[in-house]
Amino acid sequence: MSESKRRVVVIGAGLAGIAIALRLRKKGWDVLVLERNDTYGGKLADFKWEGYRWDRGPSLFTMPEQVDELFQLYGKDPRTHFHYVKIQESCHYYFHDGSDFLLEGETARRNKALLSEFGSEYGQAAINYIEESGKTYQDVGTIFIDRPKFGLKNIFDRALVKRYPKLLSRKLTNSLNNWNERKLKDENLVQLFNRYGTYNGSDPYRMSGLYSMIPHLEVNLGTYFPKKGMRSIVDSLYDLAVENGVEFRFGEKNLSAQPLKNGYEITTNNETEKADDLVSAIDCVTFYNKILKDSKLEVKYKKQERSSSAVVFYWAVEKIFPQLKLHNIFFGADYEAEFAQIFKTKTLPDKPMLYVHVSSVINPEDAPENGQNWFVMINTPAGIVPDDLQREKLKQYIDKLMIKHLGEGVRNAIRYEKFWDASKIEMDTGSYMGALYGAACNDTMAAFTRHGNVSKKYKNLYFVGGTVHPGGGIPLVLKSAKIVSELIES
Ligand SMILES: Cc1cc2nc3c(=O)[nH]c(=O)nc-3n(C[C@H](O)[C@H](O)[C@H](O)COP(=O)(O)OP(=O)(O)OC[C@H]3O[C@@H](n4cnc5c(N)ncnc54)[C@H](O)[C@@H]3O)c2cc1C
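All figures in this text were calculated on a predicted structure; none of them were measured in a lab.

**A short note on the overall build of the protein chain**
Moving on, step 1. What the protein chain contains, in helices and strands, is 16 helices and 19 strands.
Moving on, step 2. The C-alpha radius of gyration of the protein chain comes to 22 Å, within 12% of the 23 Å expected for a compact globule of 490 residues.
Moving on, step 3. When its C-alpha atoms are laid out on the principal axes, the protein chain stretches across 65 × 55 × 45 Å.
Moving on, step 4. Evaluated residue by residue, the protein chain yields a buried proportion of 59% over its 490 residues.
Moving on, step 5. Nonlocal contacts in the protein chain, meaning residues at least 24 apart in sequence, comprise 71% of its contacts between residues at least 6 apart.
Moving on, step 6. About 20,200 Å² of surface is accessible on the protein chain, with carbon and sulfur atoms providing 50% of the total.

**A closer look at the site of the ligand**
Moving on, step 1. Around the ligand lies a shell of 33 residues, among which Glu35, Lys43, Gly466, Gly473 and Ile474 are the nearest.
Moving on, step 2. Taking glycine 42, its main chain carries an N or O atom lying 3.5 Å from an oxygen atom of the ligand.
Moving on, step 3. At a separation of 2.6 Å, an oxygen atom of the ligand approaches a polar side-chain atom of lysine 43.
Moving on, step 4. About the coverage of the ligand: the protein hides 95% of its 1,000 Å² of free accessible area.
Moving on, step 5. For the shell around the ligand, the element with the most residues is helix H16 (residues 474–487), which contributes 3 residues.
Moving on, step 6. Here the residues of the shell around the ligand sort into 17 nonpolar, 12 polar and 4 charged.

**Structural notes on the nonpolar core**
One broad rule of soluble globular proteins: the nonpolar side chains tend to lie buried together.
Moving on, step 1. If you look at the biggest cluster of nonpolar residues, it comprises 48 residues, and the most contacted ones within it are Tyr93, Leu114, Phe193 and Tyr196.
Moving on, step 2. Ranked by the residues each element gives to this core, the list is headed by helix H3 (residues 107–145), at 6 residues.
Moving on, step 3. Filtering out sequence-adjacent residues up to four positions away, phenylalanine 193 remains in contact with Ala126, Tyr129, Ile130, Leu176, Asn180, Leu184 and Pro215.

**Let's talk about the sheet that holds strand S13 (residues 277–280)**
Moving on, step 1. The 5 strands lie next to each other as S9-S2-S1-S13-S19, forming an open sheet whose pairing is parallel. The open sheet has two edge strands, strand S9 (247–249) and strand S19 (461–463), and neither has a second partner. Across the sheet, the mean angle from the axis of one strand to that of its neighbour is 20 degrees, orientation sign disregarded.
Moving on, step 2. One ladder, built from 5 bridges, connects strand S1 (residues 7–11) with strand S2 (residues 30–34); its direction is parallel. Of the residues in S2, the one forming a bridge with valine 10 is valine 33.
Moving on, step 3. Its contacts with the sheet put helix H1 (residues 15–26) on S1, S2, S9 and S13, and the angle it makes with S2 is roughly 170 degrees.
Moving on, step 4. Against the sheet, helix H10 (residues 284–291) makes contact with S1, S13 and S19, and its axis sits at roughly 145 degrees relative to S19, the strand it touches most.

**Observations regarding the sheet that holds strand S10 (residues 256–259)**
Moving on, step 1. Spatial strand order, S10-S11-S12: 3 strands in an open sheet with antiparallel pairing. Two strands in the sheet have a free side with no partner beyond their single neighbour: S10 and strand S12 (272–275). For this sheet the average axis-to-axis angle between neighbouring strands, irrespective of direction, equals 25 degrees.
Moving on, step 2. With 4 bridges joining them, S10 and strand S11 (residues 264–267) adopt antiparallel strand pairing. Following the sheet pairing, proline 259 is matched in S11 by tyrosine 264.

**Some thoughts on the pairing of S1**
Moving on, step 1. Of all 5 residues making up S1, 5 are buried, and the element is well covered by its neighbours.
Moving on, step 2. Because side chains alternate across S1, one face comprises the buried residues Arg7, Val9 and Ile11, and the other comprises Val8 and Val10, equally buried.
Moving on, step 3. Tracing the backbone out of S1, into H1 and back to the parallel element S2 gives a crossover that is right-handed.

**Structural notes on the domain arrangement of the protein chain**
Moving on, step 1. Partitioning the protein chain into domains gives domain 1 (7–44 + 63–86 + 227–304 + 439–487) and domain 2 (108–222).
Moving on, step 2. Just the C-alpha atoms count here: the centres of domain 1 and domain 2 sit 29 Å apart.
Moving on, step 3. With 19 residues of domain 1 in contact, the opposing surface of domain 2 contributes 23 residues.
Moving on, step 4. Interface area, domain 1 with domain 2, both sides summed: about 1,800 Å², of which 62% is carbon and sulfur.

**Examining the side chain of histidine 92**
Moving on, step 1. When you line up the elements, histidine 92 lands in strand S6 (residues 89–94).
Moving on, step 2. A polar contact is formed between the side chain of histidine 92 and the side chain of tyrosine 94, at a distance of 3.4 Å.
Moving on, step 3. For histidine 92, the side chain forms a polar contact with the side chain of aspartate 100, separated by 2.6 Å.

**Overview of the pattern of salt bridges**
Side chains that carry opposite charge are capable of pairing whenever their charged atoms lie near each other.
Moving on, step 1. Counting across every chain of the model gives 27 salt bridges.
Moving on, step 2. Between arginine 6 and aspartate 277 there is a salt bridge, and its shortest N-O distance comes to 3.0 Å. Of this pair, arginine 6 sits in the segment before S1 while aspartate 277 sits in strand S13, and the two are 271 residues apart along the sequence.
Moving on, step 3. Residues arginine 415 and glutamate 318 are paired through a salt bridge, measuring 3.0 Å at the closest nitrogen-oxygen approach. Residue arginine 415 is located in strand S18 (residues 414–420), and its partner glutamate 318 is located in the loop between strand S14 (309–317) and strand S15 (327–330); the two are separated by 97 residues in the primary sequence.
Moving on, step 4. A relative accessible area of 42% means that arginine 415 is categorised as partly exposed.

Thresholds applied
- Residue positions within a chain follow its written sequence, with the count starting from 1.
- Given that this is a predicted model, residues contribute local features only at a pLDDT of at least 70 and side-chain atom pairs are listed and counted only at 80 or more, while totals for whole chains, interfaces and linings are drawn from all residues.
- Side-chain calculation: all heavy atoms of the structure are included, whereas hydrogens and water are not.
- Secondary structure elements are taken from DSSP: a helix is a run of H or I of four residues or more, a strand is a run of E of two residues or more, and numbering for both begins at the N terminus.
- For the radius of gyration, the atom set is restricted to C-alpha positions; the globular benchmark scales as 2.2 Å times the number of residues to the power 0.38.
- Each residue is assigned to one of three classes by its accessible area relative to the maximum for its type, calculated with a 1.4 Å probe on protein chains only: buried under 20%, partly exposed between the two thresholds, exposed over 50%.
- When checking whether two residues touch, look at their non-hydrogen atoms; a contact exists if any pair is within 4.5 Å.
- Only the protein chains shown count as covering a residue, and every accessible area follows the Shrake-Rupley method with a 1.4 Å probe.
- Any residue with at least one heavy atom within 4 Å of a molecule or strand is counted as near it.
- Polar contacts, as used here, are pairs of N or O atoms within 3.5 Å; protein pairs need one atom able to donate a hydrogen and one able to accept it. Residues neighboring in sequence count only if both atoms are side-chain atoms.
- The classification used treats Ala, Val, Leu, Ile, Met, Phe, Trp, Tyr, Cys and Pro as nonpolar, Asp, Glu, Lys and Arg as charged, and all other residues, Gly among them, as polar.
- Here, nonpolar core means buried Ala, Val, Leu, Ile, Met, Phe, Trp, Tyr and Cys residues that are tied together by side-chain atoms lying within 4.5 Å of each other.
- One requirement defines pairing of two strands: DSSP has to find at least two bridges between them.
- An axis is simply a line fitted to the C-alpha atoms; with a helix, the fit covers only the stretch in contact. Between two such axes, the angle follows the N-to-C directions and lies from 0 to 180 degrees.
- We call a crossover right-handed when, viewed with the strands running away from us, the connection from the first strand over the helix to the second turns clockwise.
- For every domain, the bounds stem from an assignment made automatically or drawn from a database.
- Buried area, as used here, totals the accessible surface that two parts lose on assembly, with accessibility defined by a 1.4 Å probe and the loss added over both.
- By definition, a salt bridge exists where a carboxyl oxygen of Asp or Glu is found within 4 Å of a side-chain nitrogen of Lys or Arg.

Rendered as structure tokens:
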């Protein structure tokens, strides 16, 4: 790599680590990615059992053009490396009152269904709400997620000041739930749009109504699914990175870094590495705790309220439930009580919402002909892990909901089971308390207090990934890498 100008070490080979490695390598720099696990991908892992395949973490894929952009950066046609399809049916919702609603992906079909299911007044209110979600995203969202974080110090930045009339609206000061109640009125529609609060692991009864922009990504821009599953996002990007000279080292379980006058010294399993720039692509709390050993900053970011974690059951189901789509939601009895348990009492919800994802609906090779690969997720407080008895109760509850809504239970058809919980998520990916998205966005100022992309204390230290600005989830993680690559001078 003699042509390279600078040496960068990236800690963590999740999506964020691979994306920033690709972007910095494109500048002609030496890029070394150090990963604790034996493979890349972080939360975008998968596993198999006798003809079944499950993606372990993310399942909802929006803004695929951001993955494409990384191939285009290297002059490649993304379609020869990474394939995905647009999903026609966004999500099938099952409400506590026994009714259900299929949220279509295509606008005309969706609008027709909203009007016929919820009536002309409430159906039209939902159509207007979705339109407004797009406007809020354009007016306010883009200024936050496409550029470095605004600190409290630059709240008078011109770009931000221009947006104040839209930003400082009733949406900001109302909770998402209050905003949804004002706009939608129908109880089931309010619940449906409250659910988008969980897309960054937050509480719709506390987070700002400005997050009513989240549905825009899914409903207006559309949802997609990779033809070889979510894992293929990182498989294809990892191959691209290796092909273009990014160096990866796995099994680096005891990394630490010391700042030097110019750059960093990184202690690995067997040697020390020097770097001009250091990029953290892991949970920022874990980075301060394990890598930089800066207890002050560790404590500062630990104090921020965590986003939710989850219990996920992965089931090999030897049966076809034809009603199930790729994404299905089964609401519990009391949504407000569920979030109070997750964020206030920090206990496992008694009657939680279930998210059931079945990728074999779209990718038949993910399950045998007579089966389905179920992924059943329940939101839980960060750091809280169900014991055997609680898991058994959850399974009984899931079965009851399936009998109620699908007419039959699933338990007798389960041939194999695995589960993930807050403790395993922390162990496997280094996420502090197993939180899915780092700090929660429950506080009105959350966008300003989230960890930024560049260190204020250490020179040449940068941060990407789901726990820093602009946020968690695949699209924002990819945006964090783009922001950092633009911040680091060439
Ligand atoms: C169950 C679940 C469901 C989700 N659903 C969705 C969804 O549907 N859609 C969506 O967009 N997002 C979803 N997310 C969030 C999404 O997965 C994350 O925001 C995203 O994958 C984070 O990527 P990352 O690279 O920042 O972190 P990670 O994927 O966590 O990668 C971090 C990497 O750093 C490594 N590492 C950690 N500590 C160290 C260390 N000390 N030294 C070296 N390496 C280290 C880890 O091993 C890992 O490989 C979900 C997450 C979970 C857990």
